[in-house]
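Chain by chain, the residues:
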Amino acid sequence: MGYTLTEKILREHLADGSYERGKEIGIKIDQTLTQDATGTMAYLQFESMGLSDIATELSVSYVDHNTIQVGFENADDHAYLESIAKKYGIYFSRPGNGICHQVHLERFARPGKTLLGSDSHTPTAGGVGSLAMGAGGLDVAVAMGGGAYYLAAPKVIDIQLTGNLQPWSTAKDVALKVLQILSTKGNVGFVSEYTGDGIAGLTVPERATITNMGAETGVTTSIFPSDLQTKRFLAAQERESQWQPLAADKDAIYDRSLEIDLAEIEPLAAAPHSPGNIVGVGDLDLPVDQVMIGSCTNSSYVDLMTVARMVKGRKLPEGISLGIAPGSRQVLNAIAKTGALRDLIAFGARILESSCGFCIGNSMSPCTNSISVRTSNRNFMGRSGTPSANVYLTSPVVAAAAALTGRLTDPRELDMEFPAIQMPDHFDIDDRMIIPPLSPEQRTRITICRGPNIGQPPVNQPLPEDITGYVTIKVGDLVTTDHIMPAGSRLKYRSNVPKYAEFVFEPLDKDFFSRASSLRDQGFHNLIVAGLSYGQGSSREHAAMCPMYLGVKGVIAKSIERIHAANLVNFGIVPFTFEKESDWDLLPEKTNIRIPGIRKSLEKGDESVIALAEGSRKGEEVVERKGEKKKEEELVLKMNLSRRQRMILLAGGLLPFTVTSRKGNKGN
Ligand code: MIC
Ligand code: SF4
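Chemist: Can you break down the site of ligand 2 residue by residue, with the values?
Modeler: In the vicinity of ligand 2, the residues found are His-65, His-101, Asp-119, His-121, Ser-295, Cys-296, Cys-356, Cys-359, Ile-360, Asn-377 and Arg-383. Of the residues contributing to the shell around ligand 2, the split by class is 4 nonpolar, 5 polar and 2 charged.

Chemist: Please set out the site of ligand 1 residue by residue, giving values where relevant.
Modeler: The full set close to ligand 1 counts 14 residues, and Asp-119, Ser-120, Arg-494, Ser-539 and Arg-540 are the nearest of them. Taking Arg-378, its side chain carries an N or O atom lying 3.0 Å from an oxygen atom of ligand 1. Ser-538 places a polar side-chain atom, nitrogen or oxygen, 3.0 Å from an oxygen atom of ligand 1. Out of a free accessible area of 340 Å², ligand 1 has 96% covered by protein chains. Residue composition of the shell around ligand 1, grouped by class: 2 nonpolar, 7 polar and 5 charged.

Chemist: Break down the packing of aromatic side chains for me, with residues and values.
Modeler: Evaluation of the coordinates by the stated rule reveals 9 aromatic pairs. When the ring of Phe-233 is compared with that of Phe-427, the centres are 6.2 Å apart and the planes differ by 70°; the resulting orientation is edge-to-face. Placement of Phe-233 in helix 8 (residues 228-236) and of Phe-427 in the loop between helix 12 (396-405) and strand 20 (434-435) is noted, with a sequence separation of 194 residues between them. In this structure Phe-233 comes out as buried when scored by relative accessible area, which is 2%. Between Tyr-470 and Phe-524, the ring centres sit 5.2 Å apart and the planes meet at 80°, which makes this aromatic pair edge-to-face. Note that Tyr-470 is positioned in strand 21 (residues 467-474) and Phe-524 in the loop between helix 16 (512-521) and strand 22 (525-530), a separation of 54 residues in sequence. The lysine or arginine in question, Arg-520, covers the ring of Tyr-549, its NZ or CZ lying 5.4 Å from the ring centre. One residue, Lys-558, lies across the ring of Trp-584, its end atom 4.9 Å from the ring centre.

Thresholds, definitions, all that
- Each chain has its residues counted from 1, running along the sequence as written.
- All chains are assigned letters beginning at A, and all ligands numbers beginning at 1, according to the order in which they are written.
- Totals for whole chains, interfaces and linings use all residues, but because this is a predicted model, local features are given only for residues with pLDDT of at least 70 and pairs of side-chain atoms are given and counted only at 80 or more.
- Calculated side-chain values reflect all of the structure's heavy atoms, with hydrogen atoms and water omitted.
- The criterion for a residue being near a molecule or strand is simple. One of its heavy atoms has to lie within 4 Å of it.
- Classification used: nonpolar for Ala, Val, Leu, Ile, Met, Phe, Trp, Tyr, Cys and Pro, charged for Asp, Glu, Lys and Arg, polar for all others including Gly.
- We call two N or O atoms a polar contact when they sit within 3.5 Å, provided that within protein one can donate a hydrogen and the other can accept it, with sequence-adjacent residues counted only if both atoms are side-chain atoms.
- The Shrake-Rupley method, run with a 1.4 Å probe, gives the accessible areas here. Residue values count only the displayed protein chains as cover.
- Two aromatic rings from Phe, Tyr or Trp, using only the six-membered ring of Trp, form a pair when their centres are within 6.5 Å; if the ring planes differ by under 30 degrees the pair is stacked, by over 60 it is edge-to-face, and anything between is tilted.
- Helix and strand definitions follow DSSP, with helices as H or I runs of at least four residues and strands as E runs of at least two, each counted in order from the N terminus.
- Here the term buried applies to any residue with accessible area under 20% of the maximum for its type, exposed to any over 50%, and partly exposed to those in between, with areas from a 1.4 Å probe on protein chains only.
- Both a distance and an angle decide whether a charge sits over a ring: NZ of Lys or CZ of Arg must be within 6 Å of the ring centre and within 35 degrees of the ring normal.

Okay, here's the thing in structure tokens:
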């Protein structure tokens, strides 16, 4: 039996365990990337492991998220990151050089390599055939130090592409089509692998748009084979020697297959407030207030050249604001050289820094009740910074059509020819904004720069014998990490956990922080009850670290997304799932919960535990009267954990676990 491409790369990197689908394996990581919003904490954790060097082939630290620098906090983080990179032999991509995924694709990603990034869109590098995964910063820190990265050996979906895209339909529409088919839930533990005749016609940046947005389906990663298109892209980046052909075996067995005829793809949009809410653009005819073009999904040279060609010589209608953030300095230089930048400015575009910016909601928030058309990948409610805004995610050509007409319009209805821009055979290479690793001798002279915004990573206590506490918050389905740990204007506190913790669940429940901290201070444990696909979206480990700081010991959900579930374990929070999903109804907020003997259960390797819930709702409300024995329900909670994960939970998280096992290995 042949192997899928995913399995081939994973088997080549196997460091722990034996390969069996669904079972946990440890793999060697060749490359890591971090960005500033998750990286500062990742490097603080790396430092607390006491290592003197990185053990990867290549590690890159990018600054692209918090580049607004209102107040000293962002700049403090940047200075810390630059000094850490210099100290430990890490490449440092300076602020202004571009969005991590775009720059990594251009300059570093390689076919057949494993890449672990502290950002959920790391699979962008799957466009060149890297096996690239997002993870929490702590997992990346461990991988940087040479530790294996653990994941369940994935099931693989074969997404066969046939035919060719028609004018005005783009790679973004393919990504949206995949979301329409797979949806944003139910794909945990799968990898999407692209095959079929149709892929030959897709360039690497187009492929990267597709693998980037695979993150929204919840798969572990998405990957394209490495073929002549890959060779062409690497050659254009002056990296042809890094090319190698790679593909699945002809007789590879997939767990699921689907076929998409590219010729039938129509211009699509993700309507508010989920990337999985897919509609045909032709079915929408809405006035637009704002158009934002950029993000790691759609900010390549061809994306922006196409937009420039469409708007050339015209004028932005009144009442609309257009912002454009080129994905990298390379893209910005290229559109400047061709004159496209001038055309965009003449049209009325506001040119923004090559960074995440609007996508993470730290700038360019639209006005109240507005419609904003964006080429980014997430439109969760409030992510733009304006809770009442309606964000539609589309391709750059649909966004440009909206900027031209002031309405969400099917671009095929425009009175113009499709500008078929080609990817150039050579990009101008200028890596002067990337600081390469220093020599070992130079490194000894580096002092780490720690401004007042640089805190210490909080350290957890070992898991208690019993969990005794309350349902401090109950939430429904599809709660994202943006709900748990908002970004936008709160982002600058990423390096200051006690401060950032004040905003846990802020978009859903402004009182969570005071309730949780007061229960914690009284010696109770906090529990979170959630519905399906809890923790969708970002890889931010703060969505686990800050709840941990507030005394959360368990999440009880119908299902939990992969990266978030791993982050919960890494911070000593037990991820439970209901044996019976309908038991969600039994646990209203304030329910008093006990999980006796949780430590023993984890030590023994039990796959489930009994939770005793007092004040639980079964049928009708329970009336509590003084002196009367309160009604207690027994619920079965499942724990799908490997032995390693159980050990981590017992230790109180990955950091105490790693530090203790390192001491143990040294014979202390
Ligand atoms: C995002 O797109 O939500 C982010 C901001 O890039 C996050 C990382 C973070 O929260 O810092 C992600 O996708 O992982
Ligand atoms: Fe940055 Fe947005 Fe991409 Fe996240 S999704 S890495 S915020 S551009």
